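# Secondary and tertiary structure notes
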Amino acid sequence: MLKSTGHAGGGCISEGQSYDTDHGRVFVKINHKSEAKLMFNGEMASLEAILKTETVKVPKPLKVIELDTGGCVFVMEHLDMKSLNKYSKQLGEQLADLHVHNKRRMDKQNKEQQTVGKGARQTETAPVEKYGFGVNTCCGYIAQENEWQSDWVLFYSQQRLQHQLNLVEKSYGDREARELWAKLQLKIPEFFTNVEIVPALLHGDLWGGNVAECADGPVIFDPASFYGHSEFELAIAGMFGGFNSSFYSAYHDKIPQAPGFAQRSQLYQLFHYLNHWNHFGGGYRGSSIRIMKNLLK
């Protein structure tokens, strides 16, 4: 039994609507694109992964259903959300907890292996030691290449930046972008000297439009998750605003900024500018080119 509640919401990618069912209120996202199934399966796996960490609230995913007419619907728990206001600090803390969750599991496993006689009792599920994700996820509607890699610098250069630049090349054949990238990709390893990176579960698309709060605390949604460098998460937050200083200071109390943070932040913003260029056109070309030039200085 479905009854519309009149609560509606939609981003630039999918339309959404809340319904009352016999099992409580649900939120249903509808997308008629051919990539909808890939997109929603990725989002469902992302929400499940974040949910398992028990660190930050996300809507519980329920089901992805294919439509006869093409496209897909994604059914999830309905949450009464309003814009993030009094729970900014708590979101900073919980996001940091999400990012260190995998490292804590690694440390726990190492400790167990060093304890004689305890070796047999492995942690529930083994921690993740590579970068990537078990399924494809989409940032917007563009699929991300999530094949597992043991080297973060390679993963980010090839499966994030190179992938986006290939799409730019295909659509625009932009010579300046091509020439800047040829130089920049050689320089990327320099931004990571003396930085220890442990795979962290990321939301992957954490801009102001994908965070909110419920009565009892903050909530994040519309994830494009993968295991990557925790700093990647903060790049898009810095581009479009929506996060105040209490969010950042609470986050960095738990995960202090490493040397070279500002430059890497630009490198991570580059992905999002390229992704926006590929989604929304040449209005984002200038920012993409500017960042590449800055990083080459």
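Residues numbered from 1 in each chain as written. Predicted model: local features only at pLDDT ≥ 70, side-chain atom pairs only at ≥ 80, totals over all residues. Heavy atoms only, no water.

### Points about the side chain of Ser288
Mapped onto the elements of the fold, Ser288 is located in helix H8 (residues 285–296). With relative accessibility at 0%, the residue Ser288 sits in the buried group. When residues no more than four places from it in sequence are discounted, the contact partners of Ser288 are Leu270, Tyr273, Leu274 and Trp277. (Helix = DSSP H or I, 4+ residues; strand = E, 2+ residues; numbered from the N terminus. Buried < 20%, exposed > 50% of the residue type's maximum accessible area, 1.4 Å probe, protein only. Contact = heavy atoms within 4.5 Å.)

### Considering the packing of aromatic side chains
This model, assessed by the stated rule, comprises 19 aromatic pairs. When the ring of Phe232 is compared with that of Phe271, the centres are 5.7 Å apart and the planes differ by 55°; the resulting orientation is tilted. Linking Phe232 in helix H5 (residues 230–240) with Phe271 in helix H7 (residues 261–280), this pair joins segments that are 39 residues apart in sequence. By the burial criterion, Phe232 is buried, and Phe271 matches it. Its end group placed over the ring of Phe226, Arg160 keeps NZ or CZ at 4.2 Å from the ring centre. Between Arg264 and the ring centre of Phe192, over which it is positioned, the NZ or CZ distance is 6.0 Å. (Phe/Tyr/Trp six-rings, centres within 6.5 Å; stacked < 30°, edge-to-face > 60°. Lys NZ or Arg CZ within 6 Å of the ring centre and 35° of its normal.)

### A word on the nonpolar core
Counting 73 residues, the largest nonpolar core has Trp152, Leu161, Phe192 and Met292 as its most contacted members. Other than its neighbours up to four places away in sequence, Met292 contacts Leu165, Ala177, Leu180, Trp181, Leu184 and Leu270. (Core = buried A, V, L, I, M, F, W, Y, C linked by side-chain atoms within 4.5 Å.)

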